[in-house]
Amino acid sequence: KAPRVFVSIQAIESARLFLISGIPDPNKLIGRYLTYHTKGSAELTFKGQPVWDDGPQRLFQPRTSLGSLQLRDLYVIHDKQRPELTKGGKFSIYDPFTISPLIKCVTRTGGAKKAKDLWGKDLVDRLVELRNQGGVLFSFTGETMSLYDNRVELDNDVKDPWGLPVARVFYKHHDYDLAISKYCLERVCQIMTDAGGELRKFEPQPIVNEGYGHNHGSLRAGRDAGSSVLDENCQSHTVKGLYVLDSAFMPTAGASNPTLTQIANAYRVCHGLFDSRTKVNG
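Residues numbered from 1 in each chain as written. Predicted model: local features only at pLDDT ≥ 70, side-chain atom pairs only at ≥ 80, totals over all residues. Heavy atoms only, no water.

Draft legend 1. Broad picture of the nonpolar core. Membership of the largest hydrophobic core comes to 27 residues, with the highest contact counts inside it found for Phe18, Leu34, Leu219, Val229, Leu230 and Val244. Sorting elements by how many residues they give to this core places helix 1 (residues 10-21) first, with four residues. Ignoring anything within four residues of it in the chain, the contact list for Leu34 reads Ala11, Ile12, Asn150, Arg151, Val152, Val169, Tyr171, Asn215, His216, Gly217 and Ser218. Counting 19 residues, the second largest nonpolar core, distinct from the first, contains Phe46, Val136, Leu185 and Cys189. (Core = buried A, V, L, I, M, F, W, Y, C linked by side-chain atoms within 4.5 Å. Buried < 20%, exposed > 50% of the residue type's maximum accessible area, 1.4 Å probe, protein only. Helix = DSSP H or I, 4+ residues; strand = E, 2+ residues; numbered from the N terminus. Contact = heavy atoms within 4.5 Å.)

Draft legend 2. Broad picture of unusual backbone geometry. Residue Gln10 is not a glycine yet carries a positive backbone phi of 75°. Here Cys234, not a glycine, exhibits a phi torsion of approximately 65°, which is positive. For Cys234, the location among the structural elements is in the loop between strand 12 (215-216) and strand 13 (242-244).

Draft legend 3. Looking closely at the side chain of Arg16. Here Arg16 lies in helix 1. Note on Arg16: relative accessible area 11%, which makes it buried. If we skip the residues at most four places from it in the chain, Arg16 touches Val152, Leu154, Asp160, Leu164, Pro165, Val166 and Ala167.

Draft legend 4. Inspection of the sheet that holds strand 7 (residues 89-94) at higher detail. Taken in spatial order, the five strands line up as 6-7-8-3-11 in an open sheet, and their pairing is antiparallel. Edge positions in the open sheet fall to strand 6 (69-71) and strand 11 (198-204), since each of these has one partner strand only. For this sheet, the mean inter-axis angle between neighbouring strands, taken without regard to orientation, is 20°. Of the strand pairs in this sheet, strand 3 (residues 38-46) and strand 8 (residues 134-142) are connected by nine bridges, and their pairing is antiparallel. For Lys39, the partnering residue across the bridge sits in strand 8 and is Thr141. Its contacts with the sheet put helix 3 (residues 120-132) on strand 3, strand 8 and strand 11, and the angle it makes with strand 3 is roughly 80°. (Pairing = 2+ DSSP bridges. Axes fitted to C-alpha atoms, helices over the stretch in contact; angles between N-to-C directions.)

Draft legend 5. View of the environment of Pro165. Locating Pro165 in the fold gives a position in strand 10 (residues 165-170). Sequence separation between Pro165 and Leu154 is eleven residues, and the spatial gap between their C-alpha atoms is 5.8 Å. Those residues within four positions of Pro165 in sequence are excluded, and the remaining contacts are Arg16, Ile20, Leu154, Asp155, Val158 and Lys159.

Draft legend 6. Seen up close, the pairing of strand 10. In this structure, strand 9 (residues 151-159) lies alongside strand 10, joined through five bridges in antiparallel fashion. Each bridged residue has a counterpart across the sheet, and for Val152 the counterpart in strand 10 is Val169. Once strand 9 ends, the chain turns through five residues before running back antiparallel as strand 10, passing Gly163 with a positive phi of about 80°.

Draft legend 7. Spotlight on the pattern of salt bridges. Under the defined criterion, the tally for this structure stands at 14 salt bridges. Asp160 is paired through a salt bridge with Arg16; the nearest N and O atoms lie 2.6 Å apart. Linking Asp160 in the loop between strand 9 and strand 10 with Arg16 in helix 1, this pair joins segments that are 144 residues apart in sequence. Each member of the pair, Asp160 as well as Arg16, carries the same accessibility label: buried. When the shortest N-O distance is used, the salt bridge between Lys182 and Glu186 registers 2.4 Å. Note that Lys182 and Glu186 are positioned in helix 4 (residues 175-194) at a spacing of four residues, about one turn of the helix. You can call Glu186 partly exposed: its relative accessible area is 33%. It is possible to trace a salt-bridge network through shared partners that takes in Glu43, Lys47, Arg126, Glu129, Glu198 and Arg200. (Salt bridge = Lys/Arg side-chain N within 4 Å of Asp/Glu carboxyl O.)

Structure follows, in structure tokens:
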């Protein structure tokens, strides 16, 4: 009975709530155009380059810091040899030792001889290398094609504790996603190997979307009610007073983390509602 309802439980659960609630969907768009970011990672090591510093208090702080740097030179691509690639993404840059807990080295960090799944001497050699030798890990976040078939739907068999169907997700990455991840990783790896680095891990985006990550677009916004679920103010085209303030409104994933955009949009929508109420009430 509330005059306004704000939904903000993120793209998958917001779409699920719309589906469970039976929100009118004449164009079959609720839950559609789900997007994750295109991902990928590469790790390199530099022989003879120190990474750790005892320091005067022997705190063993890494010289490359615990946080990440951001590299955006490939956010927009102008490569005459690859004219089909235009929108790329950004890299987060990490110190391999601090971003890779020791147990993670067993299956995910790789080594000189094997890409991953290390054990025995290979694992010991990799741990020694991480502890004593400089390195760099690049984590790619890129643009993703919005596809109608990538979707959130209701599971007919699995229920939540209240007896309601849980969300079921179908997702396949577009060929462009695969190409852009591989291209950007190859570019940065070429720069690093030219500088003397040795490649330890190279994992571009596969067609499947492993893990969870950023999700957007299942209730995307637009002025055309025939191609969107929400209007430009994130209000449902079919149910007045129903708004969505999470990343489900985004028509495209872009190529950066969505949180700041999501927050800014929530402020925009709410300020608009306040302004319109003020004008109506005088």
